[in-house]
Amino acid sequence: MKINLNPNSHPASDADRTEKIAVGGFGKYYTDNMVIAEWTEADGWGDAELKAYGPLLIDPATSVLHYGQEIFEGLKAYSQPDGGVSLFRPEANAERFRKSATRLALPELPIADFVATVEALVRQDRAWVPKNIGESLYIRPFMFGSEVGLGVRPSNRATYLVITTPASAYFNPGKAVTVWISTEYVRAAPGGTGSAKTGGNYAGSLLAQKQAAAEGCDQVVWLDAIERKWVEEMGGMNLFFVKGSGASATVFTPKLTGTLLAGVTRDSILTVAQDLGYKVEEGAISTDQWHAGVTSGEITEVFACGTAAVITPVGAAKSAQGIWPTGDGNPGPITNQIRETLLGIQHGTIEDKHGWNKRVS
Ligand SMILES: *Cc1c(COP(=O)(O)O)cnc(C)c1O
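Residues numbered from 1 in each chain as written. Predicted model: local features only at pLDDT ≥ 70, side-chain atom pairs only at ≥ 80, totals over all residues. Heavy atoms only, no water.

Undergrad: Tell me about the overall build of the chain, residues and numbers included.
TA: Of regular secondary structure, the chain possesses nine helices and 18 strands. Since a compact globule built from 361 residues should have a radius of gyration of about 21 Å, the 21 Å found for the chain is in line with a globular shape. Considered along the principal axes of its C-alpha atoms, the chain spans approximately 60 × 50 × 35 Å. Counting the 361 residues in the chain, one finds 50% classified as buried. A separation of at least 24 residues holds for 72% of the contacts in the chain among residues at least 6 apart in sequence. Accessible area of the chain: about 15,500 Å², with a carbon and sulfur share of 52%. Looking at charge distribution, the chain has the averaged site of its 32 positive side-chain charges lying 1 Å from that of its 39 negative ones. (Helix = DSSP H or I, 4+ residues; strand = E, 2+ residues; numbered from the N terminus. Rg over C-alpha atoms; globule rule 2.2 N^0.38 Å. Buried < 20%, exposed > 50% of the residue type's maximum accessible area, 1.4 Å probe, protein only. Contact = heavy atoms within 4.5 Å. Areas by Shrake-Rupley, 256 points an atom, 1.4 Å probe, with all protein chains shown as cover. Lys, Arg positive; Asp, Glu negative; His and termini not counted. Charge placed at Lys NZ, Arg CZ, Asp CG, Glu CD.)

Undergrad: Lay out the nonpolar core in plain terms, naming residues and giving numbers.
TA: Residues Phe 114, Val 118, Val 122, Ile 139, Met 143 and Tyr 160 are the most contacted members of the largest nonpolar core, which totals 35 residues. Contributing elements (two or more residues each) for this core: β2 (33–40), β3 (44–52), β5 (75–79), β6 (85–88), α3 (90–103), α4 (111–124), β7 (136–145) and β8 (157–167). Sequence-distant contacts of Val 118, that is, excluding residues within four places in its chain, are made with Leu 75, Leu 87, Ile 139, Pro 141, Tyr 160 and Val 162. (Core = buried A, V, L, I, M, F, W, Y, C linked by side-chain atoms within 4.5 Å.)

Undergrad: Describe a nonpolar patch on the surface, naming the residues involved and giving the relevant values.
TA: On the surface, Leu 56, Ile 58 and Leu 65 cluster together into a nonpolar patch covering about 250 Å² of accessible area. With respect to the helices, strands and loops of the structure, Leu 65 is situated in helix α2 (residues 64–67). (Patch = residues over 30% accessible without salt bridge, like charges linked within 9 Å, V, L, I, M, F, W, Y side chains within 5 Å. Salt bridge = Lys/Arg side-chain N within 4 Å of Asp/Glu carboxyl O.)

Undergrad: Break down the side chain of Asp 32 for me, citing the residues and quoting the values.
TA: For Asp 32, the position within the fold is in the loop between α1 (14–23) and β2. Buried within the structure, Asp 32 lacks any salt-bridge partner; its nearest side chain of opposite charge belongs to Arg 17, at an N-O separation of 5.4 Å. When sequence neighbours within four positions are dropped, the list of residues in contact with Asp 32 reads Asn 8, Pro 11, Ala 12, Lys 51, Ala 52, Tyr 53, Asp 125 and Trp 128.

Undergrad: Got a sec to walk through the side chain of Asp 224? Specific residues and values, please.
TA: Within the element layout of this structure, Asp 224 appears in the loop between β10 (219–223) and β11 (231–234). Despite its burial, Asp 224 pairs with no opposite charge, the nearest such side chain being Arg 228 at 6.7 Å. Within the structure, Asp 224 has its side chain in polar contact with the backbone nitrogen of Ile 226 (distance 3.2 Å). Leave out the neighbours within four places in its chain, and Asp 224 touches Val 186, Lys 229, Trp 230 and Glu 232. (Polar contact = N/O pair within 3.5 Å; in protein donor to acceptor, adjacent residues only side chain to side chain.)

Undergrad: I'd like to hear about the site of the ligand, residue by residue, with values.
TA: Not every one of the 15 residues close to the ligand is listed here, only the nearest: Lys 197, Tyr 202, Glu 233, Thr 265 and Thr 307. Between Val 264 and the ligand, the recorded distance is 2.7 Å, taken from a backbone N or O atom to an oxygen atom. Between the ligand and the protein, one listed contact pairs an oxygen atom with a side-chain N or O atom of Thr 265 at 2.6 Å. Contact with the protein chains removes 96% of the 380 Å² of surface that the ligand exposes when unbound. Of all the elements in the fold, those that place two or more residues in the shell around the ligand are β12 (237–243) and α7 (264–275). Its residues assigned to classes, the shell around the ligand shows four nonpolar, seven polar and four charged. (Near = heavy atom within 4 Å. Nonpolar A, V, L, I, M, F, W, Y, C, P; charged D, E, K, R; others polar.)

Undergrad: Run through the pairing of strand β17 (residues 322–325), naming residues and quoting values.
TA: The pairing of strand β16 (residues 310–319) with β17 spans four bridges and is classified as antiparallel. Counted as the bridge partner of Ala 316 is Pro 325 from β17. Between β16 and β17, which pair antiparallel and follow one another directly, the connecting turn spans two residues. (Pairing = 2+ DSSP bridges.)

Undergrad: Any chance you could break down the packing of α3 against α4 for me, citing the residues and the numbers?
TA: Two quantities define a packed helix pair, namely the angle between the axes and the distance from one axis to the other. Remark: α3 packs on α4, axes separated minimally by 9 Å, with the N-to-C direction vectors making an angle of 125°. Between α3 and α4, the interaxial angle falls into the category oblique. Between α3 and α4 the crossing geometry is right-handed. Within the contact between the two elements, α3 uses Pro 90, Glu 91, Asn 93, Ala 94, Glu 95, Phe 97 and Arg 98 and α4 uses Ile 111, Phe 114 and Val 115. A breakdown of the residues in the contact of α3 with α4 according to their chemical character gives six nonpolar, one polar and three charged. (Axes fitted to C-alpha atoms, helices over the stretch in contact; angles between N-to-C directions. Parallel < 35°, antiparallel > 145°, perpendicular 65-115°, else oblique. Left-handed = near helix turned anticlockwise from the far one by under 90°.)

As C-alpha cells, then:
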C-alpha cells in the first residue's frame, strides 16, 4: 500500500498543542493528521493518504450506520529517554485486526500496511507524543463497511482510518476500581464476536455499564453466557488474579475460550510476570471461587489490564450476593511491580528483552 503524504498545512501551534497535551484525558483532542484508505471488492486496496484530521462525509445509507460492520484497534506510542518515540508491539495489533476483519466479513489489511500506516502517522505527528511516564499517544486504527445501500450482506466497499489522541492515564493510576458482576447481561456467546474487536460488542455492553454505575461500581465484570458462572473480562479489559504472595505467588488469568478478547497487554503481562519469577497460569475461575479466594486470603490481588489504562487494580467486586473486597482494597505490591515493569519497558527505561518496542522516530 502506497502512502501519499499530504499533511495538514495548518497544524496546531506549539502553544495550542502543548496545552492540549497537558489537558490529557482520553480522546479529548486529536492530532493534526489522519490516514485514510479505501477498499473495493472490484479493485482491492487503493493508496492510503495521510492528510489533515477532519470530518468524513457519509451518505445516510452507508451500511455501517445500519448493520454495524466495523472493527477497531488500540495501541500506543511512548516517548523514549533520548526523545525518540516507540510503538509497543504494533504487529500484534495488526494480526488481531486481520482476525477481527475476517470475523466481521471485512477485507483483511496486510500486517505490513497496518504497521506502515500507523508508523507514518505517528512519525508525522510525533510532537504530540506526551513526554511523561504513564502518558502516551493513543492510536486508533479502524475499518467499516462503507457501501451505500440497505441490503444485508458484507459491504463491497470498506474504509480504513487511523487517528491518534494524546492520553494521560485512562483511569486514575493508583486508584482501585469497584466492579459489578453482571449476571443479567452477557458480552459474548460461543460462536459470536467476543474475540473480535468490534464496536457491536461495546454497544451491547453499555446498558450493563449503566447498571454497574447505578450500583456504585466503576466497571462491569462479564461472565460466560451459558452458566453465568465463569469470569471472563472486565469492561474492555482482561482480568488477572494473584494467588499467594511474595516470590511464590501465582499470576492467574482466565484462559482464552473464544468469547474473550485476546489482549496484547494480557499476553505481555503473562511474559513479564514470568520474567519477574512468578508462576503464571491460564484457567477457569468462577465467581464462587473469586469470592472464596478473597475471603480466605488465597487471592491477594486482582487487577485488570488493557492498552488504554495499562493496569487498573480491582479493590472490590459487587454482585447480587454482596461485596467482596480484595485484601485491604488498595493496589497490591505485585500489581504495582508488574505495572511499573511494563511501563518501564514501554518507555525504554527497562530492558526490552522480547523486542516489543518498534522505534518510529
Ligand atoms: C481491547 C480489549 C481488551 C484489551 O486488549 P489490549 O490489546 O490489551 O488493549 C480486552 N477486552 C476487550 C473486550 C477489548 O476490547
